[in-house]
Amino acid sequence: MYLERRMNLLSPMAVVLAVVLAGASSLRAETGAQGWLRYAPIVGDAASRRDAIPDAIISLGNSEVLNSAKGELVRGIGSMLGKRLRAEKSVSAENAFVLGTLEDVRGHFREVESSRPLGPDGFWLRSVRHGGKKYLLIIGGNDRGVLYGTFAFLSRIAQDRRVDDLDDVGTPSAPIRWASQWDNLDGSIERGYAGRSIFFDKGAVRGDLTRVGEYARLLSWVGINACVINNVNADPRILSLNFLPQLARIADAFRPWGVKLALSVDLSSPAAVGGLKTFDPLDSGVAEWWKDKVDEIYQRIPDFAGFVVKADSEGRSGPSQYGRTAADAANVIARALKPHGGILMYRAFVYNHHLDWRDMKADRAKAAYDYFHPLDGKFDENVVLQIKYGPIDFQVREPASPLFGAMQHTNEAIELQVTQEYTGQQRHLCFLPTMWKQILDFDMHVNGASPVKEIVEGKTWRRPLGGFNAVVNVGLDENWLGHPLAMANLYSYGRLAWNPDQSTEQISAEWTRLTFGNNPRVVSTISTMLLPSWRIYESYTGPLGVGTLTDILGSHYEPNPDSAEHNGWGQWIRADAQGVGMDRTIATGTGYIGQYSPNVQKKYETLTACPDELLLFMHHVPYIYVLHSGKTVIQHIYDSHYEGAAKAAGLVGQWESLRGKIDDQRYEEVLSKLTYQAGQAIVWRDTVVNWFFKKSGIPDAKGRIAQNHNPLTGSVPYLDGNRNSRPH
Ligand code: GCV
């Protein structure tokens, strides 16, 4: 208002200057620490937005979560619209925000009496008129729902969307919407690419937990309701007595944001830190130990969410050491958690990493189904089987794990990976929701139409529990994930866990608006970069579902196709002089395809039906096999690598068109990452095409391969003579 009045009095020249300055100030340097929670001043029609906003705020309750909701509303409206809300104690005859649970709001507003049901964590934004006054009700199914509703309202403002006459209900898809960290007690993070742990340092919980609270606030905005803070390769000391008060401090930092604490635990803990001689899940002393330990935890942390267990996997202890099953192991802990409402997430990532690579029937992809399918129906009601999206391990392209369709008497959750272990480690732009959506929408055909998302939501088989857990691995880097654009993956994970039916276009535009502002050019350019970026990454790393061509025995980052073969890890690509790909057919291969329902088997079993994008995952074919696209396999490999690298270079130009439209700091950071990616894509391209050329002896029809060039030993010239560098 003040600025407007002043501008009316100014000369046209001064008005131009003022507008330029206002624009410039909105481009102040940003570190990315705020993520999508910037509450940047609205540059558009802020005045009319401001007028639609009441002056007062009343919170019907006084919990920590409600206080956060109230605080956020005051902070957000103040920062975005320059309006200071006045806190009032009770509802009176004046325009106001009213925040509360459905039960509490009903007591004041008859309009919501005959309301729709509002489940836990759900919210309802409702504008009502009452005695000539306007009220904006932010109603929750519980306190957390009120906070989510508040964030949803603020998100509307930040995106410059309409906020009058609201009648907007938000319902989460599933009760489990967790984030996981693979943080070690020494402060390192397994597969973390953005600095050290925000939780731990030198074997203890950090003294300053400011970043922990900020992380919880970001998670809460996208509807995440619990966070597992330590590596699934769990250090048993996390359950030792002296750790508990430290863990309680983390839970305290999470609590105002409705985020519950969860822990990864090692199955051997009763012996490792409990002093017992055994950790046999069927031993009564072991059951007693878990019960006492869990009671202790709940005494200090009454809203504790539960445990995640990785067992019998990659060298971890497990029930197999006592001839027991995963159900025995899961249930003994679940029974200790049950009286407190806690959940036990048991990971289905169980496989033998000493497979015989000479055995053409051996197949790591079959392991989870083979192990868990016979246990269906044997898990307690508060156990959830946590299943990685594909049957191998977070690869750039995998089919949906057949296990999703095989456990109708068991709760399930899908495990995704925000941290880009195999997808460019936050040095490459790779917007993963495009891939996640393909998996979530994939129809397993097990109970009529049964997409993976509905199975994990618990809808397909009416399961009481289910949902989502993603490995995030934020670190102490100011911008959380290292690459400013990687935060789009974290944001989208939360949004998809809340509602997997949302489109990636909608989510990416939303994230961009919140993160970089509402300039339509910025929004459309960044969305146009994000949306194809997963396919671009796939095309210059591992096309046709070939599996990993990365350095599987080491960093999981650089290209090294040889490392996939001839070892026990089972991520083989089976490339020889004639052809490539794993034969997983029922007819002649490992039989993996037989783990799907008949309708899905039909999609994959024959070469004619199998989609090109998964061909080499399902079949071994000659290099000269002709794809549906009309190209031979080998020519596709060559072309996709050249095209992918060219597209990666194109991202640089797209980003450069935004110079001056976003703040310099984030602009320069992203630019340097994309420039690096363009060079690294060339390293990938040249390594892979040379490797396949050497294997197959078939030249590129377009004559692009420089035969004597070895990109792994020499640096590669790119982008007008700049030298490509490797990450340290
Ligand atoms: C935490 C992959 C990763 C490991 C990870 C494991 C898992 O193998 O490379 O770092 O261990 O998955 O998900 O348990």
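Residues numbered from 1 in each chain as written. Predicted model: local features only at pLDDT ≥ 70, side-chain atom pairs only at ≥ 80, totals over all residues. Heavy atoms only, no water.

S.K.: An account of the packing of aromatic side chains is requested, with residue identities and associated values reported.
M.R.: Inspection of every chain in the model, using the stated rule, returns 32 aromatic pairs. Ring geometry for Y215 and W480: centres 5.8 Å apart, planes at 25°, overall stacked. Of this pair, Y215 sits in helix α7 (residues 210-221) while W480 sits in the loop between β16 (466-471) and α15 (487-498), placing them 265 residues apart in sequence. Each member of the pair, Y215 together with W480, is buried. Here F279 and Y322 contribute two aromatic rings whose centre-to-centre distance is 4.9 Å and whose plane-to-plane angle is 90°, an arrangement assigned as edge-to-face. Within this pair, whereas F279 is found in the loop between α9 (269-272) and α10 (284-300), its partner Y322 is found in the loop between β12 (306-309) and α11 (326-337), the two being separated by 43 residues in sequence. Overall, F279 belongs to the buried group, its relative accessible area being 7%. One aromatic cluster in this structure is built from W289, W290, Y298, F304 and F307. (Phe/Tyr/Trp six-rings, centres within 6.5 Å; stacked < 30°, edge-to-face > 60°. Helix = DSSP H or I, 4+ residues; strand = E, 2+ residues; numbered from the N terminus. Buried < 20%, exposed > 50% of the residue type's maximum accessible area, 1.4 Å probe, protein only.)

S.K.: I'd like a rundown of the packing of helix α13 (residues 433-440) against helix α17 (residues 520-541), residues and numbers included.
M.R.: α17 packs onto α13 with a crossing angle of 75° between their chain directions and a minimal axis gap of 8 Å. With respect to each other, α13 and α17 are oriented roughly perpendicular. Counted together, T434, M435 and Q438 of α13 and L531, W534 and R535 of α17 form the full contact between these two elements. Broken down by class, the residue content of the contact of α13 with α17 amounts to 3 nonpolar, 2 polar and 1 charged. (Axes fitted to C-alpha atoms, helices over the stretch in contact; angles between N-to-C directions. Parallel < 35°, antiparallel > 145°, perpendicular 65-115°, else oblique. Contact = heavy atoms within 4.5 Å. Nonpolar A, V, L, I, M, F, W, Y, C, P; charged D, E, K, R; others polar.)

S.K.: Tell me about the pattern of salt bridges, residues and numbers included.
M.R.: Applying the stated criterion across every chain, the model contains 44 salt bridges. With a shortest N-O distance of 2.8 Å, R255 and D303 are connected by a salt bridge. Note that R255 is positioned in the loop between α8 (244-254) and β11 (260-265) and D303 in the loop between α10 and β12, a separation of 48 residues in sequence. A relative accessible area of 19% places R255 in the buried class. Connected through salt bridges with shared partners, the residues K631, D639, D700, K702 and R704 form a single ionic network. (Salt bridge = Lys/Arg side-chain N within 4 Å of Asp/Glu carboxyl O.)

S.K.: Explain the packing of helix α20 (residues 633-656) against helix α21 (residues 664-696) to me, using residue names and the numbers behind them.
M.R.: Between α20 and α21, the shortest axis-to-axis distance is 9 Å and the interhelical angle comes to 170°. With respect to their mutual orientation, α20 and α21 come out roughly antiparallel. When the residues that make up the contact of α20 with α21 are grouped by side-chain class, the tally is 22 nonpolar, 4 polar and 4 charged.

S.K.: Account for α10, with residues named and values stated.
M.R.: The terminal C-alpha atoms of α10, which comprises 17 residues, lie 25 Å apart, in line with the 24 Å expected from a rise of 1.5 Å per residue. Of the positions making up α10, those classed as buried are V286, W289, W290, K293, V294, I297 and Y298. What you see down the axis of α10 is that its buried residues fit within an arc of 160°, all on one side. Exposed side chains of α10 directed beyond 90 degrees from the buried face belong to S284 and Q299. Buried-residue contacts for α10 involve α8, β11, α9, β12 and α11. Among the residues of α10, the N-terminal cap falls to D283, whose side-chain oxygen and the backbone nitrogen of G285 are separated by 2.8 Å. (Expected span 1.5 Å × (residues − 1). Arc of directions from axis to C-beta. Polar contact = N/O pair within 3.5 Å; in protein donor to acceptor, adjacent residues only side chain to side chain.)

Read these as spatial facts, not as claims about activity.
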